[in-house]
Amino acid sequence: MPSATQTATPRAAVLYDGQCAFCRKSVELLRRLDWLHQLTYGDARDLTHLPAGAPLEAARLLEEMHVLTPDRHIYHGFGALRWLAWRLPLLWPFAPLMYLPGVPALGQRLYLWVARNRFRLVPCHGGVCKLETRK
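No experiment lies behind these values; they were computed from the predicted model shown.

Engineer: Help me understand unusual backbone geometry, please; the structure alone is not making it clear to me.
Structural biologist: In most cases, non-glycine residues show a negative phi, while peptide bonds are predominantly trans. Positive phi is not limited to glycine here, since His37 has a value of about 55 degrees. When you line up the elements, His37 lands in the loop between α2 (21-33) and β2 (39-43). Relative accessible area serves as the criterion here: at 57%, His37 is assigned to the exposed category. Backbone geometry at Arg72 places phi at a positive 75 degrees, although glycine is not the residue there. Its location among the elements puts Arg72 in the loop between β3 (66-68) and β4 (74-76).

Take a look at the structure:
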């Protein structure tokens, strides 16, 4: 008889900035919307616990949320949100709209603006949440 771990459906990994209050609140919302338990969550700053063998760049992980699917595809930013929308039942009605012409480009631009300004949107306490600037 197979064990529970052998029969469990592989889940996608959502990688986010664990020192960012905005990101933590977003992941909290994702956890509540994940009724089908298809996701796991990982702090992108904890490099020792990132999925093994995935071609992930540490600096890029802090710029955008990433989703690593069970079949090893990597989505980031707005693309990750689109992928998640198909897997979170409450978001299903919005998922097709995310593919309309112009929406992906606009969505990515908006996503990146929010990501770059996230520390201003939700206050950081104690100065632990910040990003190194790229040169």
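Engineer: Just to check I follow, could you spell out the sheet that holds β2 for this structure?
Structural biologist: Working definition: the strands of a sheet are paired by backbone hydrogen bonds and lie parallel or antiparallel to each other. Read across the sheet, four strands follow the order β2-β1-β3-β4 without closing on themselves; strand pairing throughout is mixed. Sheet topology places β2 and β4 at the edges, where each strand pairs with a single neighbour. Mean inter-strand twist for the sheet, computed between neighbouring axes without regard to direction, equals 25 degrees. As paired strands, strand β1 (residues 12-16) and β2 are joined by five bridges and run parallel to one another. Directly across from Val14, in β2, lies its bridge partner Tyr41. Contacting β1 and β2, α2 runs over the sheet at an angle of about 160 degrees to β1. Together, β1, β2, β3 and β4 form the strand contacts of helix α4 (residues 77-85), whose direction differs from that of β4 by roughly 110 degrees.

Engineer: Sorry if this is basic, but what is going on with the environment of His37 here?
Structural biologist: In this structure the C-alpha to C-alpha distance between His37 and Arg87, which are 50 residues apart in sequence, comes to 9.4 Å. For His37, the side chain forms a polar contact with the main-chain oxygen of Trp35, separated by 3.5 Å.

What counts, and where the lines are drawn
- Residues numbered from 1 in each chain as written.
- Predicted model: local features only at pLDDT ≥ 70, side-chain atom pairs only at ≥ 80, totals over all residues.
- Heavy atoms only, no water.
- Helix = DSSP H or I, 4+ residues; strand = E, 2+ residues; numbered from the N terminus.
- Buried < 20%, exposed > 50% of the residue type's maximum accessible area, 1.4 Å probe, protein only.
- Pairing = 2+ DSSP bridges.
- Axes fitted to C-alpha atoms, helices over the stretch in contact; angles between N-to-C directions.
- Contact = heavy atoms within 4.5 Å.
- Polar contact = N/O pair within 3.5 Å; in protein donor to acceptor, adjacent residues only side chain to side chain.

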